[in-house]
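So the chains spell out like this:
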2 protein chains.
Amino acid sequence: MSLQIEIQNVRHVLIRLEETIIFALIERAQFLRNHAVYEAGRFGSVLEGESLCGYLLLECERTHAKVRRYTSPDEHPFFANLPPPVLPPIGYSNNPLIPNQININNQIRTIYETKILDRVTRTGDDQQYGSTAVCDVSCLQALSKRIHYGKFVAESKFRHAAPALQAAMAAGDGSAILAAITDTAVENDVLSRVHSKARTYTNEFKQAAPQMPLQPDAIRSIYAEIIIPLNKQVQVEYLLLRHSLVVCPPLTP
Amino acid sequence: MSLQIEIQNVRHVLIRLEETIIFALIERAQFLRNHAVYEAGRFGSVLEGESLCGYLLLECERTHAKVRRYTSPDEHPFFANLPPPVLPPIGYSNNPLIPNQININNQIRTIYETKILDRVTRTGDDQQYGSTAVCDVSCLQALSKRIHYGKFVAESKFRHAAPALQAAMAAGDGSAILAAITDTAVENDVLSRVHSKARTYTNEFKQAAPQMPLQPDAIRSIYAEIIIPLNKQVQVEYLLLRHSLVVCPPLTP
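Residues numbered from 1 in each chain as written. Chains lettered and ligands numbered in written order. Predicted model: local features only at pLDDT ≥ 70, side-chain atom pairs only at ≥ 80, totals over all residues.

Draft legend 1. Looking closely at the overall build of chain A. Secondary structure summary: chain A contains nine helices and zero strands in total. Computed over C-alpha atoms, the radius of gyration of chain A comes to 19 Å, within 12% of the 18 Å expected from 2.2 N^0.38 for 253 residues, which places it in the range of a compact globule. The buried share of chain A, reckoned over its 253 residues, is 40%. (Helix = DSSP H or I, 4+ residues; strand = E, 2+ residues; numbered from the N terminus. Rg over C-alpha atoms; globule rule 2.2 N^0.38 Å. Buried ≥ 20, exposed ≤ 12 C-beta atoms within 10 Å, placed from the backbone.)

Right, here's the structure in full:
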């Protein structure tokens, strides 16, 4: 079945997603900031009240929902009220997670549109709105996957919980959980690796597009200031839920 | 307006698309061959008679058609009968091409499914069908764009046509046109550059996925044996049409 949701593969999946995220950001960087793409109602009422970016994302999610993307424990939609799958369900018998509804995609989308894009693109409008929004969908989906993968990271940490984490969870103390799951050395390893990959990829790319605005430092900072903190936020939410479910198992009727 | 369709940008766009194609193939390579994704009817009648890959491509094109992707002279759909745009039309006043209906996407899709995938993936089935098909859509769209960009290449060659090309066009001789537009030195430059990029990207990637089956030689061969020949096929078709339109301009009523 899906190797991506097996707990021993967590680290491998996280490293692999670095490529996906960096590639997606590089693709987006070939277009300008294009504010019009993110304005709800900018193109009248035909896009269901959404911005062009939001509309393409919504339509993409409708299609992917039909082929059961969001039944996978490592996938999270940005929109509610998606159509049901048309394919028969897959059993995720190897799903290590507890049942949960944690989904911070609204937050991810806001941060993407207000903070990430300014680090990735040059200001201006090149009218390449459709191509821009297509790239945005890839970026948002990759970021969402990486950030929500915190659930698997958290489950893994829970299963090998050190006393500090056990105590923080027992106290239901989010700040203490955050402190307990934070490993600065590991984070620095991630940031060094991401920076090195970003340097390689953007360097190679510059031969084709000397104007490429995306700098390795920007990609590193997106990891340091956005992706890693949001991933840890998901971890904390999951561990708070994890603890409450252990302490208070559902009543048997 | 769209810089991508201005004739002086042809070379830049072609080089830039190398990244897009290599990235897309690398993403696809993380999943196995997954034959089931390409079998029409494999998932019953719910996918409109299409394979899972075909269905996702069709749904994607329906969405993109609504936001006018296929009104751009450098975009070509794989499917007919797509919905009309819901956005107002864009005028492509800088479009250098003559009106034409050249579209070899059926051929591209067949070659992708029967020849390219075997060079990119390992055999087997990992049941990651949805993720696989999502990657396929990116690959097919990138390949289609690169191959149909032959129209812009051809238009540029027409505008600076050497005597051999002029004579071949005047004779309506496809084989002679093919010979006249073939520049082996330029092709070798492309192949060297693609090989070098593929080496850089796949090398970096191997740290995350030592099992990565995609070799730089395979990417080079896909360019040498598929992308460049199909691009030249489009060029020949375009130049044959270009000539006929010059010789026989439309009758004025």
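Read on, since the account is not over.
Draft legend 2. Just the environment of I26 of chain A, in detail. All names here are of chain A. Looking at where I26 falls in the secondary structure, it is placed in helix α1 (residues 10–29). Distance in space between the C-alpha atoms of I26 and C135 is 9.3 Å, their sequence separation being 109 residues. Apart from the residues within four sequence positions on either side, I26 is in contact with Y201, T202, F205 and L214. (Contact = placed C-beta atoms within 7 Å.)

Draft legend 3. Representation of unusual backbone geometry in the model. Unusually for a residue other than glycine, N34 of chain B sits at a positive phi of about 50°. Taking the C-beta count within 10 Å as the criterion, N34 of chain B has 23 such neighbours and is therefore assigned buried.

Draft legend 4. Expanded view of the confidence of the model for chain A. On average, residues of chain A carry a pLDDT of 91, and 92% of them reach 70 or more. Scoring the predicted complex yields pTM 0.90 and, for the interface, ipTM 0.84. (pLDDT = per-residue confidence, 0-100.)

Draft legend 5. How the structure looks around the nonpolar core. Core analysis: the biggest nonpolar cluster contains 121 residues, and L25, L52 and L56 of chain A together with L25, L52 and L56 of chain B have the highest contact counts within it. Each residue touching L52 of chain B, except ones within four places of it in the same chain, is listed here: V67 of chain A together with V37, R42, F43, L47, Y129 and A133 of chain B. (Core = buried A, V, L, I, M, F, W, Y, C linked by C-beta atoms within 7 Å.)

Draft legend 6. Structural detail: the interface of chain B and chain A. Taken together, the contacts link 35 residues of chain B with 35 residues of chain A. Considered class by class, the residues forming the side of chain B that touches chain A number 15 nonpolar, 10 polar and 10 charged. (Nonpolar A, V, L, I, M, F, W, Y, C, P; charged D, E, K, R; others polar.)

Draft legend 7. Highlighting helix α3 (residues 105–120) of chain A. Residues and elements named next belong to chain A. With 16 residues, α3 should reach 22 Å at 1.5 Å per residue; the first-to-last C-alpha distance of 20 Å falls well below that figure. The largest bend along α3 measures about 45° and falls at Y112. If you check which residues of α3 are buried, you get I108, I111, Y112, I116, L117 and V120. (Expected span 1.5 Å × (residues − 1). Bend = angle between axes of the 7 residues up to and from the residue.)

Draft legend 8. Spotlight on helix α5 (residues 150–159) of chain A. Most of α5 of chain A sits out of view: seven of its 10 residues are buried. Residues of α5 of chain A that are buried: G150, K151, F152, V153, A154, K157 and F158 of chain A.

Draft legend 9. Summary view of the environment of E155 of chain A. Residues and elements named next belong to chain A. Along the chain, the position of E155 falls in helix α5. On the neighbour-count criterion, E155 (19 C-beta atoms within 10 Å) is partly exposed. Along the sequence, E155 and H195 sit 40 residues apart, while their C-alpha atoms lie 27 Å from each other. When near neighbours in sequence (up to four residues on either side) are disregarded, E155 contacts I7, P96 and L97.

Draft legend 10. The arrangement of the packing of helix α1 (residues 10–29) of chain B against helix α4 (residues 129–148) of chain B in detail. Residue and element names in this part refer to chain B. In the contact formed by α1 and α4, the axes pass within 9 Å of each other and the chain directions differ by 155°. Classified by the angle between their axes, α1 and α4 sit roughly antiparallel to one another. The chirality of how α1 crosses α4 is left-handed. Every residue of α4 that contacts α1 at L17, T20, I21, A24, L25, E27 and R28 is listed here: C135, D136, S138, C139, A142, L143, K145 and R146. Counted by class, the contact of α1 with α4 contains eight nonpolar, two polar and five charged residues. (Axes fitted to C-alpha atoms, helices over the stretch in contact; angles between N-to-C directions. Parallel < 35°, antiparallel > 145°, perpendicular 65-115°, else oblique. Left-handed = near helix turned anticlockwise from the far one by under 90°.)

Draft legend 11. Spatial organisation of the relation of the copies chain B and chain A. Here chain B sits on chain A after a turn of 180° about the axis and a move of 0.0 Å along it, with an RMSD of 0.0 Å. Between the two chains, the operation in question is that of a two-fold axis. Here 100% of the contact residues of chain B are again contact residues in chain A; the copies associate through an equivalent surface. (Least-squares fit on C-alpha atoms with pLDDT ≥ 70 in both.)

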